[in-house]
Amino acid sequence: MSEFVEIFEVGPRDGLQNESQMIAARDKIALVDVLSSAGFKRIEVASFVSPKWVPQMADGAEVLAGIRRAPGVSYAALTPNMRGYDGAKAAKADEIAIFASASEGFSQANINCSIAESLERFAPIAAAALADGIPMRGYISCVTDCPFDGPTAPGQVADLAAKLRAAGCYEISLGDTIGQANPDSISAMLRAVLKATPANMLAGHYHDTAGRALANIEASLALGVRVFDAAVGGLGGCPYAPGAAGNVASEAVAARLADLGFATGLDQAILAKAAQMARQMRST
Ligand code: HMG
Ligand code: MG
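(A) Representation of the overall build of the protein chain. Looking only at helices and strands, one finds 11 helices and 10 strands in the protein chain. C-alpha atoms of the protein chain, sized along the principal axes, occupy 45 × 40 × 35 Å. Out of the 284 residues belonging to the protein chain, those deemed buried represent 57%. Once the 23 positive and 29 negative side-chain charges of the protein chain are each reduced to a mean point, those two points are 3 Å apart.

Following this line, the structure appears as structure tokens:
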């Protein structure tokens with residue numbers, strides 16, 4: 001039997017957050033409902049961030065209220081602070097994610113605080129999530145390159161991953177936020193992270209700006225990573241990372257994993273339909 005590799009679908013959040021034209025909640029809900037039937041086990045559907053910072057994500061509660069929740073699927077939301085956590089909990093997100101940066105420049109640009117301050121901000125979220133029994137994932141942005149600070153030292157990522165793990169994250173998603181990584185820089189970063197954090201607690205989150213995300217996924221597979229974030233239709237980017245357009249497309253990752261002999265449990269025909277829907281939602 002083929003070994004299982006999970007694709008964590010982030011399109012409705014990481015994909016759509018970058019769209020400048022407002023997308024109606026009903027269209028987001030329709031996309032999530034199709035994704036739910038494609039076989040994903042985790043789908044990130046919302047972000048409880050400041051609507052002044054990311055207007056497109058202001059309707060997270062409406063989206064979570066409107067989706068048809070498939071049994072066994074975890075619907076996730078980003079939470080930058082306690083206000084976001086309270087919103088995600090009230091909207092019945094199945095899991096939440098805190099998001100930090102390995103570089104100071106991106107931390108300031110994205111969440112308006114230093115790395116150390118962000119960890120202080122996350123501490124009450126972690127305590128509340130633990131008390132409420134809500135699983136918490138952790139993101140690290142700019143794991144190899146930062147649009148403001150240049151190359152990121154692998155040790156910096158390893159240190160932050162260990163801290164997020166200690167804070168209670170069940171999995172750490174390693175973000176090549178601006179898609180500038182290559183198999184060598186991804187491997188060097190992963191080797192450093194793996195000294196303190198096991199591969200089964202890691203996910204690769206690679207944007208495809210330079211067309212290297214699939215190669216970076218293959219390099220990560222060789223080092224034992226078995227979860228990859230992707231966005232259907234290749235939607236996405238981060239509004240606070242110049243040049244971050246394009247998450248790696250879920251359907252491309254699924255096809256490459258199938259070629260490599262891995263099972264993803266995804267229905268390629270439904271995925272193709274979802275990709276078409278996602279592309280129609282794009283303003284550019
Ligand atoms: P701030 O301006 O320092 O915070 O922003 P503040 O506490 O002064 O709040 C500013 C305003 O936002 C206030 O409103 C707050 O009430 C409100 P005002 O008083 O001016 O009317 N506010 C909120 N509203 C709703 N929900 C909330 C919330 N918090 C404050 N939770 C803050 C700090 C963290 C809030 C802001 O910087 C922010 O929202 N940043 C999020 C940016 C973002 O969402 N980026 C994209 C996601 S990360 C990403 O894409 C990377 C990833 O994919 C991995 C990778 O690829 O690397 C995960
Ligand atoms: Mg991202």
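Next comes the rest of the write-up.
(B) Layout of unusual backbone geometry. At Lys92, a residue that is not glycine, the phi angle is positive and equals roughly 65°. Mapped onto the secondary structure, Lys92 falls in the loop between α4 (82–90) and β4 (95–101). Positive phi, normally seen in glycine, also occurs at Asn112, with a value near 60°. Along the chain, the position of Asn112 falls in the loop between α5 (104–111) and α6 (115–132).

(C) Region of the structure containing the environment of Leu260. Relative to the assigned elements, Leu260 resides in the loop between α10 (250–259) and α11 (268–281). When its relative accessible area of 37% is taken as the criterion, Leu260 is described as partly exposed. Sequence separation of Leu260 and Glu218 is 42 residues, and the distance between their C-alpha atoms is 9.1 Å. Ignoring any residue separated from it by four or fewer positions in sequence, one finds Leu260 in contact with Glu218 and Leu221.

(D) Looking closely at the coordination of the magnesium ion (ligand 2). Protein-derived coordination of the magnesium ion (ligand 2) comes from Asp14 (OD), His205 (NE2) and His207 (NE2), at a distance range of 2.1 to 2.3 Å. Within one chain, the residues serving as donors to the magnesium ion (ligand 2) are arranged as D-x190-H-x1-H. Placement of Asp14 in helix α1 (residues 11–15) and of His205 in strand β9 (residues 202–206) is noted, with a sequence separation of 191 residues between them. When its relative accessible area of 5% is taken as the criterion, His205 is described as buried.

(E) View of the packing of helix α9 (residues 213–222) against α10. For the pair α9 and α10, the least separation of the axes is 11 Å and the interaxial angle reads 45°. Here α10 runs oblique to α9, going by the angle between their axes. By crossing handedness, the relation of α9 to α10 is classed as right-handed. Residues Leu214, Ile217, Glu218 and Leu221 of α9 form the contact with α10, whose own contacting residues are Ala252, Val253, Arg256 and Leu257. Here the contact of α9 with α10 is built from residues that sort into 6 nonpolar, no polar and 2 charged.

(F) Region of interest: the site of ligand 1. Neighbouring ligand 1 are 27 residues, the closest being Lys52, Arg83, Asn112, Ser141 and Thr177. One nitrogen or oxygen atom from the main chain of Val49 is found 3.3 Å from a nitrogen atom belonging to ligand 1. Measuring from an oxygen atom of ligand 1, one finds a side-chain N or O atom of Lys52 at 2.4 Å. Protein coverage of the free-state accessible area of ligand 1, which is 1,100 Å², stands at 76%. Elements with a contribution of two residues or more to the shell around ligand 1: α1, α4, α5 and β5 (136–141).

(G) Structural context of the pairing of strand β3 (residues 74–78). In terms of burial, β3 is a largely internal element, 5 of the 5 residues being buried. Covered by surrounding structure in β3 are Ser74, Ala76 and Leu78 together with Tyr75 and Ala77, the residues of both alternating faces. Of the strand pairs in this sheet, strand β2 (residues 42–47) and β3 are connected by 5 bridges, and their pairing is parallel. Its bridge partner being in β3, Ile43 is matched across the sheet by Tyr75.

Calculation notes
Sequence order as written defines residue numbering, which begins from 1 separately in each chain. Written order decides the labels, with chains lettered from A and ligands numbered from 1. Note on the predicted model: pLDDT of at least 70 is required for a residue's local features to be given, and 80 or more for side-chain atom pairs to be given and counted; whole-chain, interface and lining totals, by contrast, use all residues. Side-chain measures here rest on the full set of heavy atoms in the structure, leaving out hydrogens and waters. To qualify as a helix, a DSSP run of H or I must reach at least 4 residues; to qualify as a strand, a run of E must reach at least 2; elements of each kind are numbered from the N terminus. Classification of residues uses two cut-offs on accessible area relative to the type maximum, computed with a 1.4 Å probe and protein chains only: under 20% is buried, over 50% is exposed, and between them is partly exposed. Only four residue types enter the tally: Lys and Arg on the positive side, Asp and Glu on the negative side, with His and both chain ends excluded. In plain terms, the charge of a residue is placed at NZ if it is Lys, CZ if Arg, CG if Asp and CD if Glu. Should any heavy atoms of two residues lie within 4.5 Å, those residues are counted as being in contact. Only nitrogen, oxygen and sulfur atoms count as donors, using a 2.8 Å cut-off from the metal that widens to 3.2 Å for Na, K and Ca. Water is left out, so coordination shells may look unfilled. Simply put, an axis is a line fit to the C-alpha atoms, just over the touching stretch for a helix, and the angle between two N-to-C directions goes from 0 to 180 degrees. The labels follow the angle: roughly parallel below 35 degrees, roughly antiparallel above 145, roughly perpendicular from 65 to 115, and oblique for the rest. Each helix crossing is assigned a hand: it is left-handed if the near helix lies turned anticlockwise from the far helix by less than a right angle, otherwise right-handed if that turn is clockwise. Amino acid classes used here: Ala, Val, Leu, Ile, Met, Phe, Trp, Tyr, Cys and Pro are nonpolar; Asp, Glu, Lys and Arg are charged; the rest, including Gly, are polar. Whether a residue is near a molecule or strand depends on its heavy atoms: it is near if one of them lies within 4 Å of it. The term polar contact refers here to a pair of N or O atoms within 3.5 Å; inside protein, the definition further demands a hydrogen-donor-capable atom paired with an acceptor-capable atom, and it admits residues adjacent in sequence only when both atoms are side-chain atoms. Here the accessible surface of atoms and residues is derived via Shrake-Rupley with a 1.4 Å probe, and residues count as covered only by protein chains that are part of the display. By the convention used here, strands pair only if DSSP detects at least 2 bridges between them.

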